[in-house]
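Report on the structure
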Amino acid sequence: MKISVLDKGWVELQDLLGDDLAIVNAARVSYLGASKGAARDRKLLRYLYEHDHGTPFEMVVFKFRVKAPEVVFRQWVRHRIGSFNVQSRRYTEVEDDDLYTPDGWRLQDTENKQGSKDTLDAESSTLLARELARIYAECAAQYRRALALGVAREQARLFLPGFAVYSTFIWAVNARSLMNFLRLRLDQRAQWEIRQYAQAVWTIFREKLPWTAEIFAEKEQIAWD
Ligand SMILES: Cc1cc2nc3c(=O)[nH]c(=O)nc-3n(C[C@H](O)[C@H](O)[C@H](O)COP(=O)(O)OP(=O)(O)OC[C@H]3O[C@@H](n4cnc5c(N)ncnc54)[C@H](O)[C@@H]3O)c2cc1C
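Residues numbered from 1 in each chain as written. Predicted model: local features only at pLDDT ≥ 70, side-chain atom pairs only at ≥ 80, totals over all residues.

1. What about the overall build of the chain?
A tally of regular secondary structure across the chain gives eight helices and seven strands. Sorting the 225 residues of the chain into buried and exposed places 23% on the buried side. Taking contacts inside the chain between residues at least 6 apart in sequence as the whole, the part at least 24 apart equals 71%. (Helix = DSSP H or I, 4+ residues; strand = E, 2+ residues; numbered from the N terminus. Buried ≥ 20, exposed ≤ 12 C-beta atoms within 10 Å, placed from the backbone. Contact = placed C-beta atoms within 7 Å.)

So this is what it looks like as structure tokens:
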């Protein structure tokens, strides 16, 4: 399952350990029980969530492969409960089109210092888009020039616009930590770009853990679509 995000990114589910029932069965190990049918299993899941009985949710582990620009990755990697392996730009060259180009420009929110709202007018947007494309082309050309001179990849990348560079990473995360990620990164206060990735992760989560997702969405007031 692979979902496109932004202009060149994606989120792909690579592996999954467990399902809704694995959470239920982990909780019932307390008294060596197992599934008691869908209705009672769902009721138990709800009880676990409502009473912060978190560890059964850790029995399910998702492994995602993600392609995201640095501006998103540096926020994502702040989620410490999970494991990351990241493409190294010391090993691999950045391709010319490995740079994020937004499809519009948001204005600074005057109330929320971290946020944005509304969009720049069409004429200014076109000018900025053109300027960004020019700068990206110049950066890419300088990067290639440095590589052609034999400069190491680890240093040649100084010519690149760091926040914009796409990389691929693997993220293994348990369902408990993943719900924390979703709660924080689907929120309107999170940056729009990472919200798009969280939305893709949420789509996969809903499909794979539908019972848990339903309770989580209800309790945390997360939109279903
Ligand atoms: C809208 C928004 C704005 C943000 N702005 C900033 C910012 O300006 N600057 C900035 O530096 N960060 C910022 N962050 C990052 C934020 O502070 C968290 O680092 C990030 O969201 C990860 O959340 P987390 O710690 O809950 O997740 P994880 O690191 O995955 O941790 C999951 C949970 O494990 C527990 N935990 C993990 N590590 C510890 C620990 N060392 N001690 C105790 N409990 C622990 C906590 O209960 C935590 O909620 C922002 C995040 C959001 C969503």
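Alright, that's what it looks like, and here's the rest.
2. Remarks on the site of the ligand
If you check the shell around the ligand, you find Arg78, His79, Arg80, Ile81, Gln114, Ser177, Asn180, Leu184, Arg189 and Ala190 and nothing else. Among the residues forming the shell around the ligand, the class breakdown is three nonpolar, four polar and three charged. (Near = placed C-beta within 6 Å. Nonpolar A, V, L, I, M, F, W, Y, C, P; charged D, E, K, R; others polar.)

3. Section: helix H4 (residues 122–148)
Helix length check: H4 (27 residues) gives 39 Å between terminal C-alpha atoms against 39 Å at 1.5 Å per residue, within 8%. Here H4 lies mainly on the outside; two of its 27 residues are buried. Within two residues after H4, Gly150 carries a phi angle of roughly 95 degrees, on the positive side. (Expected span 1.5 Å × (residues − 1).)

4. Points about the sheet that holds strand S7 (residues 166–174)
Here we have five strands laid out as an open sheet, ordered S1-S2-S3-S7-S4, and antiparallel in their pairing. Since the sheet does not close on itself, it has two edges, and those belong to strand S1 (2–5) and strand S4 (83–86), each with one partner. Across the sheet, the mean angle from the axis of one strand to that of its neighbour is 20 degrees, orientation sign disregarded. The sheet contact formed by strand S2 (residues 9–17) and strand S3 (residues 61–69) spans seven bridges and is antiparallel. (Pairing = 2+ DSSP bridges. Axes fitted to C-alpha atoms, helices over the stretch in contact; angles between N-to-C directions.)

5. Some details on the environment of Pro56
Tracing the backbone through its elements, the reader meets Pro56 in the loop between helix H2 (38–50) and S3. Look at Pro56 and you get buried, because 24 C-beta atoms sit within 10 Å.

6. A few points about the pairing of S2
For a regular strand, side-chain orientation follows a simple rule: the groups alternate between the two sheet faces. As defined by bridge partners, S1 adjoins S2 across four bridges and the pair is classed as antiparallel. Along S2, the bridge assignment pairs Ser4 with Trp10. The loop that links S1 with its antiparallel partner S2 comprises three residues; one of these, Leu6, has a positive phi angle of about 55 degrees.

7. Quick look at the nonpolar core
Counting 39 residues, the largest nonpolar core has Val11, Leu178, Leu182, Tyr197, Ala198, Val201 and Phe205 as its most contacted members. When contributions to this core are tallied by element, the ones reaching two or more residues are helix H1 (20–28), H2, S3, helix H3 (70–76), S7, helix H6 (175–185), helix H7 (192–208) and helix H8 (210–220). Examining the composition of this core, we find that eight residues originate from one element, H7, more than from any other. The contacts of Phe205, once residues within four sequence positions are left out, are Leu178, Leu182 and Ala213. (Core = buried A, V, L, I, M, F, W, Y, C linked by C-beta atoms within 7 Å.)

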